[in-house]
Amino acid sequence: MNLLKEFSLDDKCSYIADLKQTTHYKVIDDCDAVQCQELIERGYRRFGKMYFRPICAHCDECKSIKIDVKNFKFSKSQKRVIKKASFIKSYIQTPSMTQEHLDLFEKYHLYMKEKKEWDYNKTDPQSYYSSFVNGHNGFGYEILYYDEDKLIGVDLIDILQDGISSIYFYYDPDYSKYGLGKLSLLYQIKFAATQNKEWIYLGYYVKGCSSLSYKADYRPFLTLKGRPKEDEEFNWV
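Keep in mind the model is a prediction, meaning the values are calculated, not measured. (Residues numbered from 1 in each chain as written. Predicted model: local features only at pLDDT ≥ 70, side-chain atom pairs only at ≥ 80, totals over all residues. Heavy atoms only, no water.)

Asks: With reference to specific residues and values, describe empty space enclosed by the protein.
Replies: This model, assessed by the stated rule, comprises two cavities of 30 Å³ or more. Around the largest cavity, the lining residues are C13, I16, K20, Q21, P54, C56, C59, D60, E61, C62 and R227. Residue composition of the lining of the largest cavity, by class: six nonpolar, one polar and four charged. Taken as a whole, the second largest cavity encloses approximately 60 Å³ of empty space. Every residue lining the second largest cavity is listed: I40, G43, Y44, R45, S64, I65, Y201, L202, G203, Y204 and W236. Put simply, the parts of the chain that give the lining of the second largest cavity at least two residues each are β5 (63–68) and β10 (199–205). Per element, the largest residue contribution to the lining of the second largest cavity is four residues, and it comes from β10. (1 Å grid on protein atoms, 1.4 Å probe; cavity = no way out; pocket = protein on both sides within 12 Å on 5 of 7 lines; lining within 4 Å. Points joined across faces, edges and corners; volume = space filled by probe spheres on them. Nonpolar A, V, L, I, M, F, W, Y, C, P; charged D, E, K, R; others polar. Helix = DSSP H or I, 4+ residues; strand = E, 2+ residues; numbered from the N terminus.)

Next comes the structure, spelled out in structure tokens:
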């Protein structure tokens, strides 16, 4: 593992209105799956070669959360989501970037700008490659969702020693009625079970933030206590 850069930045909070956030970043070259897991287990997320986590001094609302795969039971409504989308096919491969990816990414974010007032910046190939293709290092994958030959969803994940780290999912809003966000997570759980993985690392749960609070619906789950350093033990409770 080659640490290229390490720094912290202050900005407006992405999840809670009228608050500031402080984020710690590490830019790492040649990070392998074991080293990635050590960071994920301590509350970091990965986009490309960038690993980051919140370190806000006066707020700990961002809770790292992971789903207990072995004890997860699919509810009737979750089974209906899977059944309704039975015509959709999925394929897993190493991350890639095509014009289809870029067009779908753009379409999704324009939709979320209107639906949830997300900040919007036009997609460019360099940014996409840096965030979702670069740095996968043999453990990063994408799950592609198709309706026949039409790409309708892309799920970016890391496959780690004991689980799957969910990075980012985007989809065609024309297929919103099929609950593709829910579907992708349910497929992750099913896939993890077939691979004897124990956990789905879901990033951050923030109570009251609609974009993140849904994660508490997938039980049982554990949350990370505190912000352990890399030489400290972690404790999920």
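That shown, we press on.
Asks: Any chance you could break down the sheet that holds strand β8 (residues 150–159) for me, citing the residues and the numbers?
Replies: One open sheet accounts for seven strands, arranged β6-β7-β8-β9-β10-β5-β11; its pairing is mixed. Edge strands, defined here as strands with exactly one partner in the open sheet, are β6 (89–93) and β11 (221–223). Strand-to-strand, the axes of this sheet are offset by a mean angle of 30°, without reference to chain direction. Two elements, strand β7 (residues 140–147) and β8, share eight bridges in a ladder whose sense is antiparallel. In the sheet register, Y146 faces β8, and the bridge partner there is L151. (Pairing = 2+ DSSP bridges. Axes fitted to C-alpha atoms, helices over the stretch in contact; angles between N-to-C directions.)

Asks: Can you break down the nonpolar core residue by residue, with the values?
Replies: In terms of nonpolar packing, the biggest core is built from 45 residues, with Y128, Y170, L180, L183 and I200 touching the most fellow members. Per-element accounting of this core gives the leading share, seven residues, to helix α5 (residues 180–194). One finds I40, Y44, L160 and L224 within the second-largest nonpolar core, a separate group that totals 13 residues. (Core = buried A, V, L, I, M, F, W, Y, C linked by side-chain atoms within 4.5 Å. Buried < 20%, exposed > 50% of the residue type's maximum accessible area, 1.4 Å probe, protein only.)

Asks: Which residues make up the pairing of β7, and what values go with them?
Replies: Of all eight residues in β7, seven are buried; the element is thus mostly enclosed. Connecting β7 to the antiparallel partner β8 that follows it, the hairpin turn spans two residues, and E148 within it adopts a positive phi of roughly 55°.

Asks: Can you tell me about the packing of aromatic side chains, naming the residues and giving the values?
Replies: Pairs of aromatic rings are described using the distance from one ring centre to the other and the angle between the two planes. Summed over all chains, the structure comprises 23 aromatic pairs. Taking 5.8 Å as the distance between ring centres and 90° as the angle between the ring planes, the aromatic pair formed by F47 and F52 counts as edge-to-face. Since its relative accessible area comes to 27%, F47 is described here as partly exposed. Pairwise contacts between aromatic rings join F7, Y25, F47, F52, F105, Y128, F132, Y168 and Y170 into one cluster. Across the ring face of W199, the terminal group of K66 is positioned such that the distance to the ring centre comes to 4.0 Å. Directly above the aromatic system of F74 lies the positively charged group of K190, at a separation of 5.7 Å from the ring centroid. (Phe/Tyr/Trp six-rings, centres within 6.5 Å; stacked < 30°, edge-to-face > 60°. Lys NZ or Arg CZ within 6 Å of the ring centre and 35° of its normal.)

Asks: Outline the side chain of K215, supporting the account with residue identities and numerical values.
Replies: Locating K215 in the fold gives a position in the loop between β10 and β11. Setting aside residues no more than four positions away along its own chain, K215 makes contact with I65, L202, G203 and Y204. (Contact = heavy atoms within 4.5 Å.)

Asks: Summarise α5; cite the residues concerned and give the values.
Replies: Over its 15 residues, α5 runs 21 Å from end to end, which matches the ideal 21 Å to within 8%, given 1.5 Å per residue. Looking one or two residues beyond α5, the residue adopting positive phi is N196, at roughly 60°. (Expected span 1.5 Å × (residues − 1).)

Asks: Hey, could you go over helix α3 (residues 99–116) for me, with residue numbers and the actual values?
Replies: Between its terminal C-alpha atoms α3 stretches 25 Å, which fits the 26 Å expected from 18 residues at 1.5 Å a residue. What α3 keeps buried is the set H101, L102, L104, F105, E106, Y108, H109 and M112. The N-cap residue of α3 is T98: its side-chain oxygen and the backbone nitrogen of E100 are 3.3 Å apart. (Polar contact = N/O pair within 3.5 Å; in protein donor to acceptor, adjacent residues only side chain to side chain.)

Asks: How would you sum up unusual backbone geometry? Please name residues and give values.
Replies: Here R219 and P220 are connected by a cis peptide whose omega angle stands at 0°. Here P220 lies in the loop between β10 and β11. Of note in this structure, E148 is not a glycine but carries a positive phi near 55°. For E148, the location among the structural elements is in the loop between β7 and β8. Overall, the relative accessible area of 71% leaves E148 in the exposed class. Its identity as a non-glycine residue notwithstanding, N196 has a phi of 60°, on the positive side. Tracing the backbone through its elements, the reader meets N196 in the loop between α5 and β10. N196 sits in the exposed class, given a relative accessible area of 65%.

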